[in-house]
Amino acid sequence: MTGRLRGLGVVLGLMGLLFIAGGSYAFAKTQEGTNSLNALSAAQGVKLTYNEQGQLVDRGETAEAESIMSLLKNDWGYPVNAGDLNPNDPIVNTATEYMYQMATITYHTLHSTQTVVLTKPVVYKGETFAAGEYKLDVNGRYFSQFDRSHPIEGPARDKAWSGTAHALIAELGVGTATASALQLGLGIAALFAGIGLLALIAGIGLVWATQAKREPAAKLALQLKPTPA
């Protein structure tokens with residue numbers, strides 16, 4: 001029985017070493033990804049703006065920044081991590097910063113006013129739109145919420161939700177997904193290392209316990225050894 005427990009301890013110890021090695025490898029690859037993401041973010045140079053009190057501002061106003069944060073937290077339901085928003089490191093390179101920047105572009109698009117010019121009268125669903133200049137408030141509408149066939153709404157949609165806006169939002173979405181995946185990778189690395197450490201400690205403990213248990217038995221055998229006449 002003692003030998004079996006000792007063998008189990010050796011197996012646990014070896015498994016622990018394998019888990020620790022796997023956790024170390026996952027950590028190394030995660031760090032490579034993090035360093036690459038940080039280098040790309042630094043090259044792009046996109047920064048968030050803070051005031052002297054360390055509060056987020058947009059176009060010089062904290063109220064604008066609060067509205068953007070409300071869009072991010074309340075409308076989109078994103079779990080903002082305040083620790084990702086560091087006034088001393090304004091470069092956008094964390095998941096929350098990417099999402100805040102995405103919300104900034106979206107907020108200004110949703111609250112923009114677009115100008116459409118008709119060069120000739122247009123009839124749409126029985127309504128005549130004379131030639132001239134029209135101003136249309138986006139009024140919180142996303143791309144799919146416009147009537148693309150409408151002579152005013154259709155062109156206004158393309159102006160508000162331009163290819164540039166879509167491209168920036170898509171790029172920021174990739175940044176968010178990458179940063180979140182790297183955080184997940186770091187958590188998996190820590191989990192593997194933790195399991196490995198527990199298995200290693202348990203294995204060493206079993207080997208030590210069985211070794212300590214064998215010593216009294218050996219001493220007892222020596223004591224009971226018959227003395228020659």
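Note: the structure precedes this text.
Residues numbered from 1 in each chain as written. Predicted model: local features only at pLDDT ≥ 70, side-chain atom pairs only at ≥ 80, totals over all residues. Heavy atoms only, no water.

## Considerations on the nonpolar core
As a rule of thumb, nonpolar side chains are buried together in soluble globular proteins. Grouped together as the largest cluster of nonpolar side chains are 36 residues, with contacts concentrated most on Leu48, Leu56, Leu72 and Tyr100. Counting only elements with at least two residues in this core, the list comes to helix 2 (62–75), helix 3 (95–110), strand 1 (113–118), helix 4 (153–160) and helix 5 (163–223). Per-element tally for this core: the top contributor is helix 3, with 9 residues. (Core = buried A, V, L, I, M, F, W, Y, C linked by side-chain atoms within 4.5 Å. Buried < 20%, exposed > 50% of the residue type's maximum accessible area, 1.4 Å probe, protein only. Helix = DSSP H or I, 4+ residues; strand = E, 2+ residues; numbered from the N terminus.)

## Quick notes on the environment of threonine 106
As for its position among the elements, threonine 106 is in helix 3. Judged by relative accessible area, threonine 106 falls into the buried class, the value being 2%. Threonine 106 sits 62 residues away from leucine 168 along the chain, and the two C-alpha atoms are 9.9 Å apart. Excluding residues within four positions of it along the chain, threonine 106 makes contact with Leu71, Trp76, Tyr142, Trp161 and Ile169. (Contact = heavy atoms within 4.5 Å.)

## Thoughts on the layout of surface pockets
Where empty space is left becomes clear once a probe the size of a water molecule has been rolled over the atoms. Of the pockets and cavities examined, the largest pocket occupies roughly 250 Å³. What lines the largest pocket is a set of 14 residues, and nearest its centre among them are Gln44, Tyr98, Glu171, Leu172 and Gly175. Of all the secondary structure elements, the ones that give two or more residues to the lining of the largest pocket are helix 1 (2–44), helix 3 and helix 5. Looking at the lining of the largest pocket residue by residue, the class counts come to 8 nonpolar, 5 polar and 1 charged. Put simply, the second largest pocket is a space of about 200 Å³. What lines the second largest pocket is Thr30, Gln31, Thr34, Leu37, Asn38, Asn93, Thr94, Ala95, Ala179, Leu182, Gln183 and Leu186. Listing elements by their share of the lining of the second largest pocket, those giving two or more residues are helix 1 and helix 5. For the lining of the second largest pocket, the leading source of residues is helix 1, giving 5 residues. (1 Å grid on protein atoms, 1.4 Å probe; cavity = no way out; pocket = protein on both sides within 12 Å on 5 of 7 lines; lining within 4 Å. Points joined across faces, edges and corners; volume = space filled by probe spheres on them. Nonpolar A, V, L, I, M, F, W, Y, C, P; charged D, E, K, R; others polar.)

## Overview of the packing of aromatic side chains
By the definition in use, this model includes 3 aromatic pairs. Seen in terms of ring centroids, phenylalanine 19 and phenylalanine 192 are 5.6 Å apart; in terms of plane orientation they differ by 45°. Their pairing is tilted. You can see phenylalanine 19 sitting in helix 1 and its partner phenylalanine 192 sitting in helix 5, a full 173 residues away along the chain. On the basis of relative accessible area, phenylalanine 192 is assigned to the partly exposed category, the value being 35%. Geometrically, the ring pair formed by phenylalanine 129 and tyrosine 134 is edge-to-face, given 6.4 Å between the ring centres and 70° between the ring planes. Taking the relative accessible area as the measure of exposure, phenylalanine 129 reaches 8% and is therefore buried. We classify tyrosine 134 as partly exposed; its relative accessible area is 23%. The ring of phenylalanine 146 carries arginine 141 above its face, with NZ or CZ at 4.5 Å from the centroid. (Phe/Tyr/Trp six-rings, centres within 6.5 Å; stacked < 30°, edge-to-face > 60°. Lys NZ or Arg CZ within 6 Å of the ring centre and 35° of its normal.)

By themselves, these figures tell us nothing about what the structure is for.
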